[in-house]
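Analysis of the macromolecular model
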Amino acid sequence: MSRRVTLADVAKTAGVSPTTASFVLSGRGPEMRISRDVSERVLKTAEELQYRRNIVSVGLRTGTTRTIGFVSDTVATSKLAGGLIQGALEAARERGVLLFIGETEGDNELERQLVETMIDRQVDGVILASMYTTSIDVPEALQTAPAVLLNAFAKRASPLASVVPDELGAGRTVARVLLDAGHRDGIHLIGAGPTERDVPAGGAAAFERITGIRDVLGEAGVEVASGHLCAEWLPDEGFAATRAVLAHDRPRALVCLNDRLALGAYQALEDAGLKVPADVSVASFDDDAIASWMRPRLTTVALPHYELGRTAVGALFDAIEQRREGRPGPGAVHRVRMPLRRRESVAPPAG
């Protein structure tokens, strides 16, 4: 490997002192009254030698490295949540900042090591992201560093801000879609419920979605007919839960807690000779790619992955600025709106 060109190399080749070269390359030449000829000679020499500033040493002098860390469990390798990173990358680039990405695959020890390594490398702040909205134990190293939780809440009191989808609002949206279509009875939940307590372990999203659904239905005097808890929210579980509903009732509408459950529900309804939405309306959450491929296309509330990533970078810069000014803020929760994707799977109840 060839030796890295140093500031001293540039100064020697340009025939100036290292201090003069430093002032020119940091953009302070005019301020220090360095002549245009000298400045141009230093800049030309730096270009010819392919000199790159040492970011670590710059950071030591300025207190910033223009880098931020992004540590996630499985976000980077997931097709479902790639927008989180895309949004964060673009927001960082707009601010002239590099994003360093590390992935843990859910290994808590690796997470600790990645966070500590990024802090040791003097990143200006860290985004700790989760694939699914959940409550997490915040690594000790982040308790005293500028950081933001993305798609996650802290299990214990923490000064860190959280950026999460507005799952509560999404639940309300789905309930209003059914009410607006005229549904007042026979509404069943697939994936969790019937109450907020009946959710998978760590199911922060399920808890908030059901809370929103029940709030709006309750205000309209409508009760949830049943709820069916599913551990993994996969198509086979949606299929089994819908069959369980059909064994005891003739549903008018199904609210599936994600689109993969809805895919299984579609199959169970078809096997029973029921049509969506003529016989049973189906609404869901996430806006997975399969939602627009299902027939009829699935009405669902989208996870705003791209906007979440952008919002997290903005919240992190706020945290960095607050710390720099000696006024660290409280652990605020930033909720990002989940937009409705209205398609063809909801209709007025038959008869």
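Provided above is the structure to which this section pertains.
Residues numbered from 1 in each chain as written. Predicted model: local features only at pLDDT ≥ 70, side-chain atom pairs only at ≥ 80, totals over all residues. Heavy atoms only, no water.

**Overview of the pattern of salt bridges**
- What the rule picks out here adds up to 14 salt bridges.
- In this structure, the salt-bridge partner of Glu109 is Arg112, at a minimum N-O distance of 2.3 Å. One end of the pair is Glu109 and the other is Arg112, both in helix α6 (residues 108-120) and three residues apart, which spans about a single turn.
- The partly exposed category is assigned to Arg112, whose relative accessible area is 34%.
- For the salt bridge of Asp286 with Arg209, the shortest nitrogen-to-oxygen distance reads 2.8 Å. Linking Asp286 in strand β9 (residues 281-286) with Arg209 in helix α8 (residues 204-219), this pair joins segments that are 77 residues apart in sequence.
- You can call Arg209 buried: its relative accessible area is 2%.
- By sharing partners, the salt bridges in this structure join Glu109, Arg112 and Glu116 into a single network. (Salt bridge = Lys/Arg side-chain N within 4 Å of Asp/Glu carboxyl O. Helix = DSSP H or I, 4+ residues; strand = E, 2+ residues; numbered from the N terminus. Buried < 20%, exposed > 50% of the residue type's maximum accessible area, 1.4 Å probe, protein only.)

**Considering the environment of Cys230**
- Mapped onto the secondary structure, Cys230 falls in the loop between β7 (226-229) and α9 (235-248).
- Sequence separation of Cys230 and Ala289 is 59 residues, and the distance between their C-alpha atoms is 21 Å.
- If sequence neighbours within four positions are ignored, Cys230 has contacts with Gly191, Ala192, Pro200, Glu237, Ala241 and Leu261. (Contact = heavy atoms within 4.5 Å.)

**Considering the packing of aromatic side chains**
- Evaluated as defined, the whole model comprises zero aromatic pairs.
- Taking NZ or CZ as reference, Arg95 lies 5.1 Å from the ring centre of Phe317, over its face. (Phe/Tyr/Trp six-rings, centres within 6.5 Å; stacked < 30°, edge-to-face > 60°. Lys NZ or Arg CZ within 6 Å of the ring centre and 35° of its normal.)

**Here we look at the state of the cysteines**
- Taken as a whole and judged by the stated rule, the model has zero disulfides.
- A disulfide-free cysteine, Cys230 has its sulfur positioned 8.8 Å from the sulfur of Cys256, the nearest such atom.
- Under the relative-accessibility criterion, Cys256 is labelled buried at 0%. (Disulfide = S-S within 2.5 Å.)

**Concerning the nonpolar core**
- Ranked by internal contacts, the top residues of the largest apolar core, which has 44 residues, are Leu217, Val255, Val282 and Phe285.
- Contributions of two or more residues to this core are made by α7 (167-180), β6 (187-191), α8, α9, β8 (253-256), α10 (259-271) and β9.
- Considering every element that reaches this core, the biggest residue donor is α7, with six residues.
- Setting aside chain neighbours within four positions, we find Leu217 in contact with Ala175, Leu179, Ile187, Val222 and Val224.
- In this structure, Ile68, Ala88, Ala91 and Val313 belong to the second largest nonpolar core, which totals 21 residues. (Core = buried A, V, L, I, M, F, W, Y, C linked by side-chain atoms within 4.5 Å.)

**Observations concerning the packing of helix α1 (residues 7-14) against helix α2 (residues 18-25)**
- Closest axis-to-axis distance for the α1/α2 pair is 8 Å, and the angle between their directions is 105°. In this view, α1 runs roughly perpendicular relative to α2, as classed from their interaxial angle. Contacts between α1 and α2 involve Leu7, Val10 and Ala11 from the first element and Pro18, Ala21, Ser22 and Leu25 from the second.
- Grouping the amino acids of the contact of α1 with α2 by side-chain chemistry returns six nonpolar, one polar and no charged. (Axes fitted to C-alpha atoms, helices over the stretch in contact; angles between N-to-C directions. Parallel < 35°, antiparallel > 145°, perpendicular 65-115°, else oblique. Nonpolar A, V, L, I, M, F, W, Y, C, P; charged D, E, K, R; others polar.)

**Concerning the pairing of strand β5 (residues 161-165)**
- Taken across its five residues, β5 has five buried, putting it largely inside the fold.
- Relative to β5, strand β4 (residues 147-154) runs parallel, the two being bridged by three bridges. Across the sheet, residue Val148 finds its bridge partner in β5, namely Ala161. (Pairing = 2+ DSSP bridges.)

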